Amino acid sequence: MLNNVIIFVLSAFLGTEVLSKVPQTLHTPLMSGANAISGITLVGAVVAAGMTGNEWASWIGFAAVVVASINVVGGFLVTDRMLQMFARKKRGTPSDVDASTVATPTNGAA
Amino acid sequence: MKTAIIDLAYLLSAVLFVFGLKRMQSPVTAQRGNQLASAGMFVAVIATLFLYEVLSWPMIIGGVIVGGGIGVVLARKVEMTSMPELVAIFNGFGGLASALVASAEIAQYTGGSAIELSAFDAVAAITIGLSVLIGTVTFSGSIVANGKLSGWISGNPISFPGLRVLMALLVLGSFGAIVYMALEAGGFPTEVEPVLYTVMALGAAAFFLGIVLVIPIGGADMPVVVALLNSYSGLAAAATGFVLDNTALIVSGTLVGAAGLILTVIMCDAMNRSLANVMLGGFGGDGGGASGVDVPEGKSVNETSPDDTAILMSYADKVVIVPGYGLAVAQAQHEVREMAQLLEDQGIEVKYAIHPVAGRMPGHMNVLLAEANVPYERLYEMDDINPEFSTTDVALVIGANDVVNPAAREDEDSPIYGMPILNVDEAETVVVIKRSLSPGYSGVPNNLFYNDNTKMLFSDAKEAVAGIVDEVKALKEA
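Quick caveat, the model's predicted, so the values are computed rather than measured.

## With respect to the packing of aromatic side chains
Move 1: Following the criterion strictly, the structure yields six aromatic pairs over all chains and no others.
Move 2: When the ring of A:Phe8 is compared with that of B:Phe242, the centres are 5.9 Å apart and the planes differ by 65 degrees; the resulting orientation is edge-to-face. Taken together, the residues A:Phe8 in helix α1 (residues 2–19) and B:Phe242 in helix α8 (residues 222–244) connect one chain to another.
Move 3: B:Phe242 sits in the buried class, given a relative accessible area of 15%.
Move 4: Arranged with centres 5.7 Å apart and planes meeting at 80 degrees, the rings of A:Trp59 and A:Phe62 form a pair that is edge-to-face. Of this pair, A:Trp59 and A:Phe62 both sit in helix α4 (residues 55–91), separated by three residues, roughly a single helical turn.
Move 5: Put simply, the rings of B:Phe139, B:Phe207 and B:Phe208 touch in pairs and so form one group of aromatic residues.
Move 6: Taking the ring centre of B:Tyr380 as reference, the NZ or CZ of B:Lys351 above it sits at 4.6 Å.
Move 7: If you follow B:Arg360 out to its NZ or CZ, it ends over the ring of B:Tyr325, 3.7 Å from the centre.

See the structure below:
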C-alpha cells in the first residue's frame, strides 16, 4: 500500500513536469491522448473478466472490457486523426511553403 | 518469474506513456508520441492477457472486438467541431470501466470464490469505494457534459432550490458508505450483504452526484468541465490500480490525472475564475434567445459589407484574424484560410489570434484551424499577440464574442471582469462577423460592437468570408 502511494506521488510530479510544457496548440490532442491512456483500466478489466471464480465478476468484467476498449481504441485513433493534421502542416503543401517564403520578405519591404 | 516479467512489461508501458506524452510538446513529434503511447497500451494489455491467470478468453476477445469496433466507428465519424462531445463521452467510458472493475472485485469477494476473503480488509474497502465513487461520478458527469455540448441538455446553468443541499448530502452519503464498508470489512466472510448493498448504494449516490455536479455549470465553462472530467477519469484508473495493486494503472492513471488538472488550471486562469467558482456554476448560457439586431438606447452600430471589408483589408499592412466557435459552427475554416492566403499573396501580414478558451475544449480552435490546413506557425497565443493589436490595421473577429469583450477589462460589475481577453479594440479597425448583436456563450452583452472603430458585418461566417474572398479576388484582377 505504502509503495503504491509513493508511486502515485512520484507519477503526479512526473506528469506535471512533462505535461506543463505542452503548447496550447496541442491541448485538445493532449487531452484525448491522455484520455486514451486512462483506458489503461482495460488491463484491470481484462483481469476482472478473466476471473473464473464468480460469474457476476466475469460479466461485470466483460462490460468493463467493452467500455474500456471503446475508450482506448477510439481515443488513440481520434488523437492520431487530429495530430495527422498538425504533422501535415510541418511538411507543408507546396502552396504553404511558397506563401510563407514569399509573403515574409515582401512584407518586410512594405 | 511470471510476476517479474509482467511487472517489467508494465514498467515498459509506463515508460512508453511518458515518452509518448513528452513528444506532445511539439506538433512535429506529437503524432509519433501518440503512437508510442498506444504501443505502451498494447504491451500492457498483451502482457496481462498472456501472463495473468486469464481463463475466459472468448469473453475478453469478444469484449475487445465489440468495444474496439465502436471506438473505431466513433473516432472515424466524428466532426472536428464535435470533438469535445466525443472526448467527454470517452472520458465517461473510462470512468465507467474503472467503476466496473472495482465492482467486479466486490462481486469476486461476495461470490466466495477462490480468492481469500481475508484479503478484503479496510484498505481494500476504501480503495474499492473510491474507485467506484470517482469512476461513476466521471461517467454520469461526462454524460451531462456531452449533453450540454451537443445540445440535448440546455447549455444554460440548471439549478433548483435545494441543489446545494442535495449535492452535500450525496457527498456525505458517499463518504459515509465508504467508511461503513471499511468498518464492515472485518466481518466479511460471514456477512457479505451489508458490503454488497453499500457498494450498490454508493454507485447510485455517485451517479446522481456526477449529474448534480455538472448540471448547474453553464456552457461557457465547459472547457473547464471537460478538462476536469479528464482528470477524474485518470484518477479513477489510478484508484482502480490501488484496488488491484497494479503499478501500471497507478502510474498511467496519475499521469492522466495530472494532465487534466494542468489543463483545468490553465482554463481557469484563462477566464480569471477559480475552480471553486466554476464548480458552483450558474455562469453562462447557450447564447440562445437571439436578441436580433436590437441596438440599446444611446448606442449606435456601424454596419459594413463583405465588399467594404475586402477593400479595407486589401489596403492593410497587417490583419489579425480572431476565430471563435461561430466560425467552426459555420464550417468557415476553409474560406478563412483561402482569404488569408489571398491576402498574404499581396504581401499583407496575416496572423491568427487564439484565445485559450476559444472553442469548447482547451485548444479546440487550433485543431479546427489545423483541419483547414492553416499553418500552425501563424497561430498566436493570447499573450504573444496582444501587444501587436496596437499596430494592427484590421482585426477581423469571426464568430468570437466573450474573448474579445472589453467589459472584461473595463466594467468592474461585469461577470467576466478580470478575464484576460484579446485586445482587438486597440486595432485601428475592428470588423466583427456575427449574425446578430446577441451576447455570447457567457450571456454578457459585448460593448465592443458599439465602439467607433468597430464595424459589424451581420452574416453567417461562411457566407461573409466567401463574399470577402470573391471581392479580394476581384480587386486583385482589377
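## Re the interface of chain A and chain B
Move 1: Contacts between the two partners involve 89 residues from chain A and, on the opposite side, 115 residues from chain B.
Move 2: Between chain A and chain B, the buried area comes to about 8600 Å², and carbon and sulfur atoms account for 74% of it.
Move 3: Counting across the interface, chain A meets chain B through zero salt bridges.
Move 4: Joining chain A to chain B, the criterion identifies 15 residue pairs in polar contact (both at pLDDT 80 or more).

## Considering the packing of helix α3 (residues 41–49) of chain A against helix α4 (residues 83–110) of chain B
Move 1: At a closest axis distance of 9 Å, the pairing of α3(A) and α4(B) adopts a crossing angle of 35 degrees. Where α3(A) crosses over α4(B), the handedness of that crossing is left-handed. Of the residues in α4(B), those in contact with A:Thr41, A:Gly44, A:Ala45 and A:Ala48 of α3(A) are B:Gly94, B:Ala97, B:Ser98, B:Val101 and B:Ala104.
Move 2: Broken down by class, the residue content of the contact of α3(A) with α4(B) amounts to five nonpolar, four polar and no charged.

## Comments concerning the UniProt feature "transmembrane region" (unreviewed entry) in chain A
Move 1: Sites flagged by UniProt as "transmembrane region" (unreviewed entry) map to residues 56–79 of chain A.
Move 2: Structurally, residues 56–79 of chain A is divided into 100% helix and 0% strand, and its ends, taken at the C-alpha atoms, are 34 Å apart.

## Focus on the confidence of the model for chain B
All names here are of chain B.
Move 1: Looking at chain B, the pLDDT average stands at 86 and 92% of residues meet or exceed 70.
Move 2: Taken element by element, the predicted model of chain B shows its lowest mean pLDDT in helix α10 (residues 275–280) (77) and its highest in strand β2 (residues 318–323) (94).
Move 3: Note that pLDDT drops below 50 for residues 286–293; the model gives that stretch 15 contacts with residues more than four away or on any other chain.
Move 4: Scored as a complex, the prediction yields pTM 0.86 and ipTM 0.85.

## Remarks on the domain arrangement of chain B
Residue and element names in this part refer to chain B.
Move 1: In terms of domain boundaries, chain B breaks down into domain 1 (1–77), domain 2 (83–280) and domain 3 (302–477).
Move 2: A C-alpha centroid distance of 39 Å is found between domain 2 and domain 3.
Move 3: Between domain 2 and domain 3, the residue contacts involve 17 residues of the former and 14 residues of the latter.
Move 4: Looking at the side of domain 2 facing domain 3, the largest losses of area belong to Pro84, Pro223 and Ala270, adding up to 32% of the total buried there.
Move 5: Our count for the contact surface shared by domain 2 and domain 3 stands at zero salt bridges.
Move 6: Along the contact surface separating domain 2 from domain 3 lie one residue pair in polar contact (both at pLDDT 80 or more).
Move 7: For the side of domain 2 that touches domain 3, the secondary-structure elements that each account for two or more residues are α4, α5 (122–150), α8 and α9 (247–270).

What counts as what
Residues numbered from 1 in each chain as written. Chains lettered and ligands numbered in written order. Predicted model: local features only at pLDDT ≥ 70, side-chain atom pairs only at ≥ 80, totals over all residues. Heavy atoms only, no water. Phe/Tyr/Trp six-rings, centres within 6.5 Å; stacked < 30°, edge-to-face > 60°. Helix = DSSP H or I, 4+ residues; strand = E, 2+ residues; numbered from the N terminus. Buried < 20%, exposed > 50% of the residue type's maximum accessible area, 1.4 Å probe, protein only. Lys NZ or Arg CZ within 6 Å of the ring centre and 35° of its normal. Contact = heavy atoms within 4.5 Å. Buried area = accessible area lost by both parts, 1.4 Å probe. Salt bridge = Lys/Arg side-chain N within 4 Å of Asp/Glu carboxyl O. Polar contact = N/O pair within 3.5 Å; in protein donor to acceptor, adjacent residues only side chain to side chain. Axes fitted to C-alpha atoms, helices over the stretch in contact; angles between N-to-C directions. Left-handed = near helix turned anticlockwise from the far one by under 90°. Nonpolar A, V, L, I, M, F, W, Y, C, P; charged D, E, K, R; others polar. UniProt positions renumbered as here; feature names shortened; annotations may be inferred. pLDDT = per-residue confidence, 0-100. Domains from an automatic or database assignment.

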